[in-house]
Protein chains: 2
Amino acid sequence: MRFTIKREELLKGLTTASKAVSSKSASPVLSNVKLDLTESGLFITGSNNETTIKTKVPYQDESGEEIIRNYELGATLLPSKIVGEAIRKMGGEEVTIEVVDSTVATISDAKSNYNLNCIRPEEYPEFDLEPNGVNFELTYAQFASMVDQTAFAASTKEQRQILTALNLEAADGILTAIAIDSARMAKKTIVVNSDLQFVANIPAKSLVDVKQLAEGSQNVAISISDKKALFSFRNTVVSTRLIAGEYPNTKNIIPKVTNFALEVSASDIINAINRANVLADERENVVDLTMSEDRVEVTSKSSQTGTSQEKVEPFRYEGQSLKISFNSSFVIQAINAVGSEDVSFLFVGEMKPFVIKNPSDDSIIQVVTPVRTF
Amino acid sequence: MRFTIKREELLKGLTTASKAVSSKSASPVLSNVKLDLTESGLFITGSNNETTIKTKVPYQDESGEEIIRNYELGATLLPSKIVGEAIRKMGGEEVTIEVVDSTVATISDAKSNYNLNCIRPEEYPEFDLEPNGVNFELTYAQFASMVDQTAFAASTKEQRQILTALNLEAADGILTAIAIDSARMAKKTIVVNSDLQFVANIPAKSLVDVKQLAEGSQNVAISISDKKALFSFRNTVVSTRLIAGEYPNTKNIIPKVTNFALEVSASDIINAINRANVLADERENVVDLTMSEDRVEVTSKSSQTGTSQEKVEPFRYEGQSLKISFNSSFVIQAINAVGSEDVSFLFVGEMKPFVIKNPSDDSIIQVVTPVRTF
């Protein structure tokens, strides 16, 4: 194998594929990226066994300008971190990669020359990257907002692995994405083709990665099969293993009847919570929201340091007086995920989970469980 | 005590004074800042016992616009971290601070109200901030370049505390600043008044802090006494305790006769070192510089990964062939400190300390000790 390639294009491909490479992979061969120069382009693959990314650098860009030249087909494995760092730091516009024999590859330009020990390509595992499941497409905007509005609420703790997933379900023309952890839930719905039907638990972290990698794409093509989810965009395919097991029943988490309703400016209440939080260190960032028809306040207290009161106005409030204590960062994340200028809070009672939503859009719902402070 | 103050001005003062406040001070009272409203302004003091910073917020700015109004003189101690965070997050243009009684102070604006437990000002230690030593002045540019070109080479390890200092000596119209650690030295000279005479070992970290705080000032007034160094600029005074003990003799570190001389572009050789460093992980960032009249190369090797060669050209070299191994980050920091477009290396031999300097300026000299690699 040998080729000369535009350095920026190679770097883009390496950066994409190496996003799946873990520094602490169980299998040493997976600390490499696979470079495979075929008739249709240079394919770069990285994997940690759970997630695999394969991306193509074509011979020519869309305007017909040459990216890869002076080549001889072939494949090799190269250490992901070293190659990425070398290509990033090199100075030339083009670099040449050549497999000298099955154990040594060189990367060079006019000033630099790296001789790297390399591994035979046959030692790299075969990964199934075929879209052989239920196939559908979302616009990038739909995909990105689905991920942004829900993935943050998934658990990051490995104890109950199923909660690190986003639960995706398509039925009756609605795609529903749900993330929960012990104290909150985020739910987003998107209208889709009514034939589409599946349930899958996809690692939330992988979806965040796909969202970043696909930025700038028009659409994301998705294929869901029994074991894996596949995401295709531009010249890249990302495959991620589904998380096995039953997702908890979330049907009853969103309260059906609420007795108290607050509507305020999202930025006003976020600022008030942030300011009250200055004194909430000792209580693990728990602040109190006190509401009545006359006054809405966010308060906090610290036995050592003192107390604080933050007026929130203007506001609209319906219901009797109510005081709710909550984790300030959960509520701020939920408000930010809703993403509207004004935000609605709907309460059942002081110890019941409450809803945070856009007053004029039901497609995104956040639920937060209060904290007991007495 | 009570006053209403422009929030931005108070925040600037708090940020300055709290730079001396340590989160892990031996004395709990020093986790506070002292606020002292006198006839001449609001003085804010922070200290960790080693370094003390006192800064003044005046009643009016230079254009005569009011900064502090509606006041009653007095003093209080407030928790540095909490007050800083509260003032930073508050929304109003002005805030009001009021000591309600000797144990409670309020910080408020139209929307926010903090009630903070406070401590009586008498509990704060008295710090000597009088310029009662040898006094002189540097321009800010002189002071900043002296610190930037030397302080990085001081040791950060506490085992030999004297090496964490910058050794400042004035004699015969020359101010000399020297920093050394086990493997390098940085030396800067500045022409000063010939009457000036002193030796002082000032914590390098404090000098870096002063450099940052004084940014934008015209001059820095310095006062050196037996126990402390004092730095005054604008409305701020920084006092730092000198480090006791004898500074090592550095007279013989700079080689007097050198046998090999290399002159190259600073950015060319930094890039070459950075690229070679990709394969220098295993050798603790040691790379090799190989020089002859025909060729200058930076090379590296890793038994696991491979080897690299970087051509450096153009270059001027005088002397026989020579190979030197060194810590790549020490050499890059030294080249950056020299700050010139072209840089000179002067060598005695492969295991002797070598000089890095600006070919046309002897006021700044860097010395690095090679690493034995065989």
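Since the structure is predicted, the reported quantities are computational estimates derived from the model, not experimental observations.

*Asks:* Can you break down helix α4 (residues 204-213) of chain A residue by residue, with the values?
*Replies:* Where burial is concerned, most of α4(A) is hidden: seven out of the 10 residues are buried. Turning to α4(A), its buried residues number three or more, namely A:A204, A:S206, A:L207, A:D209, A:V210, A:K211 and A:L213.

*Asks:* With reference to specific residues and values, describe the relation of the copies chain B and chain A.
*Replies:* Laying chain B over chain A is done by rotating through 180° and shifting 0.0 Å along the axis; what remains is an RMSD of 0.0 Å. On the angle and the small slide along the axis, the relation comes out as a two-fold axis. Nearest to the rotation axis, the C-alpha of B:S23 is located 17 Å from it, this being the minimum over chain B. Most of the interface of chain B is mirrored in chain A, where 100% of its interface residues again form contacts.

*Asks:* Just give me the short version of the pattern of salt bridges, but keep the residues and values in it.
*Replies:* All names here are of chain A. In this structure the tally under the stated criterion is 37 salt bridges over all chains. R2 is the partner of E72 in a salt bridge, and the nearest nitrogen-oxygen pair spans 3.9 Å. You can see E72 sitting in strand β5 (residues 68-72) and its partner R2 sitting in strand β1 (residues 2-6), a full 70 residues away along the chain. On the basis of relative accessibility, which here comes to 45%, the residue E72 falls in the partly exposed class. The closest approach of N and O atoms between K6 and E65, which form a salt bridge, is 3.2 Å. Note that K6 is positioned in strand β1 and E65 in the loop between β4 (51-57) and β5, a separation of 59 residues in sequence. The exposure class of K6 is buried, given its relative accessible area of 19%. Overall, the relative accessible area of 45% leaves E65 in the partly exposed class. A single network of salt bridges, built from pairs that share partners, joins R120, E122 and E123.

*Asks:* Describe in detail the sheet that holds strand β26 (residues 361-368) of chain B, supporting the description with residues and values.
*Replies:* Residues and elements named next belong to chain B. An order of β14-β11-β12-β13-β26-β25-β24-β18-β22 is seen for the nine strands of this open sheet, with the pairing classed as antiparallel. Each edge of the sheet is formed by a strand with only one pairing partner; in this case those strands are β14 (198-203) and β22 (315-318). The mean inter-strand angle of the sheet, taken between neighbouring strand axes irrespective of direction, is 20°. Looking at chain direction, strand β12 (residues 174-181) and strand β13 (residues 184-191) are connected through eight bridges and run antiparallel. Bridging from a neighbouring strand, I178 pairs with K187 of β13. Across the face of the sheet, helix α3 (residues 140-150) comes into contact with β11 (165-171), β12, β13 and β26 while running at roughly 165° to β13.

*Asks:* Explain the packing of helix α5 (residues 266-276) of chain B against helix α6 (residues 328-338) of chain B residue by residue, including any values.
*Replies:* Residue and element names in this part refer to chain B. For the pair α5 and α6, the least separation of the axes is 10 Å and the interaxial angle reads 165°. Comparing the axis directions of α5 and α6 gives the class roughly antiparallel. α5 and α6 meet at a crossing whose hand is left-handed. Together, A266, I269, I270, I273 and N274 of α5 and S328, V331, I332, I335 and N336 of α6 make up the contact between the two elements.

*Asks:* Explain α6(B) to me, using residue names and the numbers behind them.
*Replies:* Residue and element names in this part refer to chain B. Of all the 11 residues making up α6, eight are buried; the element is thus mostly covered by neighbouring parts of the structure. The set of residues buried in α6 consists of S328, F330, V331, I332, A334, I335, A337 and V338. Where α6 terminates, the next one or two residues include G339, which has phi positive at roughly 75°.

*Asks:* A description of the environment of B:L289 should follow, citing residues and the corresponding values.
*Replies:* All names here are of chain B. As for its placement among the helices and strands, L289 is situated in strand β19 (residues 286-291). When the C-alpha positions of L289 and K311 are compared, they lie 10 Å apart, and in sequence the two are 22 residues distant. Ignoring sequence-local partners within four residues, the contact set of L289 consists of L262, I269, V296, E297, V298, L322, K323, I324, F326 and F347.

*Asks:* Break down the interface of chain B and chain A for me, with residues and values.
*Replies:* The interface is formed by 33 residues belonging to chain B together with 33 residues belonging to chain A. When chain B packs against chain A, close to 2700 Å² is buried across both sides, 42% of that on carbon and sulfur atoms. When the buried surface of chain B facing chain A is broken down by residue, B:K111, B:R275 and B:V278 rank first, second and third, together holding 25% of it. When the shortest N-O distance is used, the salt bridge between B:D268 and A:K111 registers 4.0 Å. Where chain B meets chain A, there are 21 residue pairs in polar contact (both at pLDDT 80 or more). Taken together, the elements giving at least two residues each to the side of chain B that touches chain A come down to α2 (80-89), β9 (112-117), α5 and β21 (306-311) of chain B. In terms of residue class, the side of chain B that touches chain A is built from 10 nonpolar, 13 polar and 10 charged.

Calculation notes
Residues numbered from 1 in each chain as written. Chains lettered and ligands numbered in written order. Predicted model: local features only at pLDDT ≥ 70, side-chain atom pairs only at ≥ 80, totals over all residues. Heavy atoms only, no water. Buried < 20%, exposed > 50% of the residue type's maximum accessible area, 1.4 Å probe, protein only. Helix = DSSP H or I, 4+ residues; strand = E, 2+ residues; numbered from the N terminus. Least-squares fit on C-alpha atoms with pLDDT ≥ 70 in both. Contact = heavy atoms within 4.5 Å. Salt bridge = Lys/Arg side-chain N within 4 Å of Asp/Glu carboxyl O. Pairing = 2+ DSSP bridges. Axes fitted to C-alpha atoms, helices over the stretch in contact; angles between N-to-C directions. Parallel < 35°, antiparallel > 145°, perpendicular 65-115°, else oblique. Left-handed = near helix turned anticlockwise from the far one by under 90°. Buried area = accessible area lost by both parts, 1.4 Å probe. Polar contact = N/O pair within 3.5 Å; in protein donor to acceptor, adjacent residues only side chain to side chain. Nonpolar A, V, L, I, M, F, W, Y, C, P; charged D, E, K, R; others polar.

The values reported here are purely geometric and, on their own, carry no functional implication.
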